[in-house]
Amino acid sequence: QVQLVESGGDLVQPGGSLRLSCAASGSIFSMNSMGWYRQTPGKQRELVAAISSGGRANYADSVKGRFTISRDNAKNTVYLQMNSLKPEDTAVYFCNAWDGPGGMDYWGKGTLVTVSS
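Criteria and thresholds
Residues numbered from 1 in each chain as written. Predicted model: local features only at pLDDT ≥ 70, side-chain atom pairs only at ≥ 80, totals over all residues. Heavy atoms only, no water. Helix = DSSP H or I, 4+ residues; strand = E, 2+ residues; numbered from the N terminus. Rg over C-alpha atoms; globule rule 2.2 N^0.38 Å. Buried < 20%, exposed > 50% of the residue type's maximum accessible area, 1.4 Å probe, protein only. Contact = heavy atoms within 4.5 Å. Areas by Shrake-Rupley, 256 points an atom, 1.4 Å probe, with all protein chains shown as cover. Lys, Arg positive; Asp, Glu negative; His and termini not counted. Charge placed at Lys NZ, Arg CZ, Asp CG, Glu CD. Core = buried A, V, L, I, M, F, W, Y, C linked by side-chain atoms within 4.5 Å. Disulfide = S-S within 2.5 Å.

Got a sec to walk through the overall build of the chain? Specific residues and values, please.
When helices and strands are counted, the chain shows zero helices and 11 strands. Computed over the C-alpha atoms, the radius of gyration of the chain is 13 Å, within 12% of the 13 Å expected from 2.2 N^0.38 for a compact globule of 117 residues. Reported as C-alpha extents along the three principal axes, the dimensions of the chain are approximately 40 × 25 × 25 Å. For the chain, the residues scored as buried account for 38% of the 117 residues in total. Across the chain, the fraction of contacts at a sequence separation of at least 24, relative to all contacts at a separation of at least 6, is 54%. By element, 48% of the accessible surface of the chain is carried by carbon and sulfur atoms, the whole surface being about 6400 Å². Side chains of the chain give 11 positive and 9 negative charges; the mean places of these two sets differ by 2 Å.

Quick rundown of unusual backbone geometry? Include the residues and the values.
Despite not being glycine, Asn 76 shows a phi value in the positive range, around 55°. Position of Asn 76 among the secondary structure elements: in the loop between β7 (67-72) and β8 (77-82). Phi is positive for Ser 84, close to 50°, though the residue is something other than glycine. Tracing the sequence through the fold places Ser 84 in the loop between β8 and β9 (91-98). According to the relative accessible area criterion, Ser 84 is partly exposed, its value standing at 42%.

Run through the side chain of Ser 21, naming residues and quoting values.
On the secondary structure map, Ser 21 appears in strand β3 (residues 18-24). With residues near it in sequence (within four places) discarded, Ser 21 still touches Val 5, Glu 6, Ser 7, Trp 36, Thr 77, Val 78 and Tyr 79.

Which residues make up the environment of Ile 28, and what values go with them?
Along the polypeptide, Ile 28 turns up in the loop between β3 and β4 (33-39). Considering only alpha carbons, one finds Ile 28 and Ala 74, 46 residues apart in sequence, at a separation of 8.8 Å. In contact with Ile 28, not counting residues within four places along its chain, are Met 34, Arg 71, Asp 72, Asn 73, Asn 76 and Thr 77.

An account of the nonpolar core is needed here, citing residue identities and associated values.
Counting residues in each nonpolar core, the largest one holds 28 residues, and the members touching the most others are Met 34, Trp 36, Leu 80, Met 82 and Tyr 93. Looking at this core, the elements that each hand over two or more residues are β3, β4, β5 (46-52), β7, β8, β9 and β11 (111-115).

An account of the state of the cysteines is needed here, citing residue identities and associated values.
Applying the stated criterion to the full structure yields one disulfide. At a sulfur-sulfur separation of 2.0 Å, the disulfide partner of Cys 22 is Cys 95. Around the S-S axis, the bridge from Cys 22 to Cys 95 shows a dihedral of about -85° and counts as left-handed. On the criterion of sequence distance, the pair formed by Cys 22 in strand β3 and Cys 95 in strand β9 is long-range, its members being 73 residues apart. The exposure class assigned to Cys 22 is buried, which follows from its relative accessible area of 1%.

Here it is, written out as structure tokens:
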């Protein structure tokens, strides 16, 4: 059993920055991958960024160069630094932990990010 709790969502102006945090109840060191997804009403949840246990990161094309994912295994926390925010970044952001093929997949309940002037 793993619990993920997101925080850091807020209202921010276009061009602004936010840092999201995801605190895990257990060790994220054992997880194959940690990631951030986002979802808006009526749309599919989409991958924003993910980071492997080895520290390799990948990003959606729409956020490359603006967002950075990182993990702190000692603190059992994963972060998403979001810079140069755009209105289209507005969504509920969910933290995800994946234990690899044949393993478990865990989700937080989300944190709302609103980008508006």
